[in-house]
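Each chain, letter by letter, is given below.
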There are 2 protein chains.
Amino acid sequence: MTTLTDVTESATSKGEQTRELILSTALRLFREQGYGKTTMRAIATEAGVSVGNAYYYYSSKDHLMQAYYDHLQDQHRDAVESILAAETSFVPRLTGVLRTWLEVAAPYHEFAGTFFKTAADPKSPLSPFSDQSRPAREASVEIFRRVVDGSDLKLPAELKAELPELLWLMQMGIVLFWVHDDTEDLHRTKALIDRSVPLVDRLLRLTRIPGVRGVVNDLVGLIRSIKP
Amino acid sequence: MTTLTDVTESATSKGEQTRELILSTALRLFREQGYGKTTMRAIATEAGVSVGNAYYYYSSKDHLMQAYYDHLQDQHRDAVESILAAETSFVPRLTGVLRTWLEVAAPYHEFAGTFFKTAADPKSPLSPFSDQSRPAREASVEIFRRVVDGSDLKLPAELKAELPELLWLMQMGIVLFWVHDDTEDLHRTKALIDRSVPLVDRLLRLTRIPGVRGVVNDLVGLIRSIKP
DNA sequence: CCGACGACTTGAACATGTTCAAAAACCAGT
DNA sequence: ACTGGTTTTTGAACATGTTCAAGTCGTCGG
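Criteria and cut-off values
Residues numbered from 1 in each chain as written. Chains lettered and ligands numbered in written order. Predicted model: local features only at pLDDT ≥ 70, side-chain atom pairs only at ≥ 80, totals over all residues. Heavy atoms only, no water. Contact = heavy atoms within 4.5 Å. Buried area = accessible area lost by both parts, 1.4 Å probe. Salt bridge = Lys/Arg side-chain N within 4 Å of Asp/Glu carboxyl O. Least-squares fit on C-alpha atoms with pLDDT ≥ 70 in both. Patch = residues over 30% accessible without salt bridge, like charges linked within 9 Å, V, L, I, M, F, W, Y side chains within 5 Å. Areas by Shrake-Rupley, 256 points an atom, 1.4 Å probe, with all protein chains shown as cover. Helix = DSSP H or I, 4+ residues; strand = E, 2+ residues; numbered from the N terminus. Near = heavy atom within 4 Å. Polar contact = N/O pair within 3.5 Å; in protein donor to acceptor, adjacent residues only side chain to side chain. Nonpolar A, V, L, I, M, F, W, Y, C, P; charged D, E, K, R; others polar. Axes fitted to C-alpha atoms, helices over the stretch in contact; angles between N-to-C directions. Parallel < 35°, antiparallel > 145°, perpendicular 65-115°, else oblique. Left-handed = near helix turned anticlockwise from the far one by under 90°.

Participant: Could you give me a rundown of the interface of chain B and chain A, with the residues and numbers involved?
Facilitator: At the junction of the two partners, chain B supplies 35 residues and chain A supplies 35 residues. Carbon and sulfur atoms make up 67% of the area that chain B and chain A hide from each other, which totals about 3100 Å². Seen at the junction of chain B and chain A, the total is two salt bridges. In this structure, the salt-bridge partner of Arg202(B) is Asp218(A), at a minimum N-O distance of 2.3 Å.

Participant: I'd love a proper account of the relation of the copies chain B and chain A, names of residues and values included.
Facilitator: In screw terms, the move from chain B to chain A is a rotation of 180° and a rise of 0.0 Å along the axis, fitting with an RMSD of 0.1 Å. Both copies are brought into coincidence by an operation consistent with a two-fold rotation axis. The rotation axis passes nearest to the C-alpha of Lys117(B) in chain B, at a distance of 2.6 Å. An overlap of 100% is found between the interface residues of chain B and their copies at the interface of chain A, pointing to a shared contact surface.

Participant: Which residues make up a nonpolar patch on the surface, and what values do they have?
Facilitator: Together, Phe129(A), Leu169(A) and Leu176(B) make up a nonpolar patch on the protein surface, roughly 260 Å² of accessible area in all. Inspection of the secondary structure puts Leu176(B) in helix α8 (residues 157-180).

Participant: If you had to explain the protein's contact with DNA strand C to someone new, which residues and values would you point to?
Facilitator: Inspection of the region around DNA strand C gives 17 residues, with Met40(A), Arg41(A), Tyr55(A), Lys61(A) and Tyr57(B) positioned closest. Within 4 Å of the protein, the atoms of DNA strand C are drawn from sugar and phosphate moieties in a proportion of 54%. Here a base oxygen of DNA strand C and a side-chain polar atom of Arg41(A) are 2.8 Å apart. One of the side-chain nitrogen or oxygen atoms of Thr18(B) is found 3.4 Å away from a phosphate oxygen of DNA strand C. For the surface near DNA strand C, the elements supplying multiple residues, two or more each, are α2 (40-47) and α3 (51-57) of chain A together with α1 (14-33) and α3 (51-57) of chain B. Ranked by residues supplied to the surface near DNA strand C, first place goes to α3(B) with four residues. Among the residues forming the surface near DNA strand C, the class breakdown is six nonpolar, eight polar and three charged.

Participant: Can you explain the packing of helix α8 (residues 157-180) of chain A against helix α10 (residues 210-226) of chain A? Please cite residues and give values.
Facilitator: All names here are of chain A. At a closest axis distance of 10 Å, the pairing of α8 and α10 adopts a crossing angle of 55°. With respect to their mutual orientation, α8 and α10 come out oblique. Note that α8 runs across α10; the crossing there is left-handed. Touching Glu-158, Leu-159, Ala-161, Glu-162 and Leu-166 of α8 are Val-216, Asn-217, Val-220, Ile-223 and Arg-224, all from α10. The residue inventory of the contact of α8 with α10, partitioned by class, reads six nonpolar, one polar and three charged.

Set out below in structure tokens:
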């Protein structure tokens, strides 16, 4: 299991070291006092650099969040590996991947609200639909593609091709639920995952019924038509 | 069809007049130059009051958006009346209600991005899931309840009871799509509405198939369990 | 008319994200 | 070691949302 300070591990050149120092300081402060209460001045002071220097490496406070998000993605990708290697049935694969996200993101739960606030702005590079977050998005969809491909699911090809993106969308929904979930130990979000995944599984198996098939095809067609 | 300046119609006391003046000035500037570029100072100057005075009536810039949102809701509720009165089949009823939203909100399309940015913050009173926006949300769900109840849809009772909230959620999704839609004349969002509504209709009719019925019941159960 | 009380209004002051011109540090190439 | 250029660093200045102590106005009981 990786930790936060890992971000400094791969530091090499002088400039890179400063960059990583600023990032890890920022993330620590975000975690300790929340995003809103953490000022750029505080980040700079704690990191032992000037305000302007922080802006030299991160052109805005939001970009520090972007960096955090990328870091989170990496952690999730790594943490999910063992599940994808060991498990072959669809339900535990998907459940595992989604619950792993919760674990990885847990330390930042409170701060995540502000993150998604920024991400909701279509003009922000942090928007999950923006061009700039395409790499992160595709990396995330890739995880779900592996969930599907490595499982015992039998599905019509067109649906199987779209499914990873749909699961990614499902995760977006769960994340939205998560940021609003202030129950102890996040048990409502966990319950949502544990109950919705089997439901998805049953829904997918329903596509064998002829009457359902036509609707699903239209649905896939609709999704294709609105995607780009 | 009501217009923006209507907000001043019901003005009575001195204070109320100033309040409405500030709001209409703010909305005009938001529309003309976007939310970000409109400063509180500009609003105050244009309205002929001091900055502090604007804060006396609206405790933050976000609250001016909240007020805008309420205004939008009212307009939508009124504009939808004729459709609900004239039409009895489900598809045109729902399509009409959704497209009417587009028309009412159109002048604020660009500014809406910023609106949903704020609304995405779980701690913001503008969040569609917050306590403070409960009245607006319930009013909106009420519209969809009328869409369902006044239509020729035949559905199992449990599903019919949950459907209005599901349609409200669908509208949230469409709005999310809308804020990202920068095509000419919003034709992608319109296409989404025109194609997804018949699909929803067909999906709902599928619930008559016994195999589907069980899954739908579980789905309704899941939704109920996570609602409060 | 007086005074007092609340509603309203003001603008300067504050906090914080961001910019930028200048200084410092660093790094060849000679 | 010197010089020219590039990278990095600095901190003061700026823009803008927000607060607040003080002022003004309107009204109502006496």
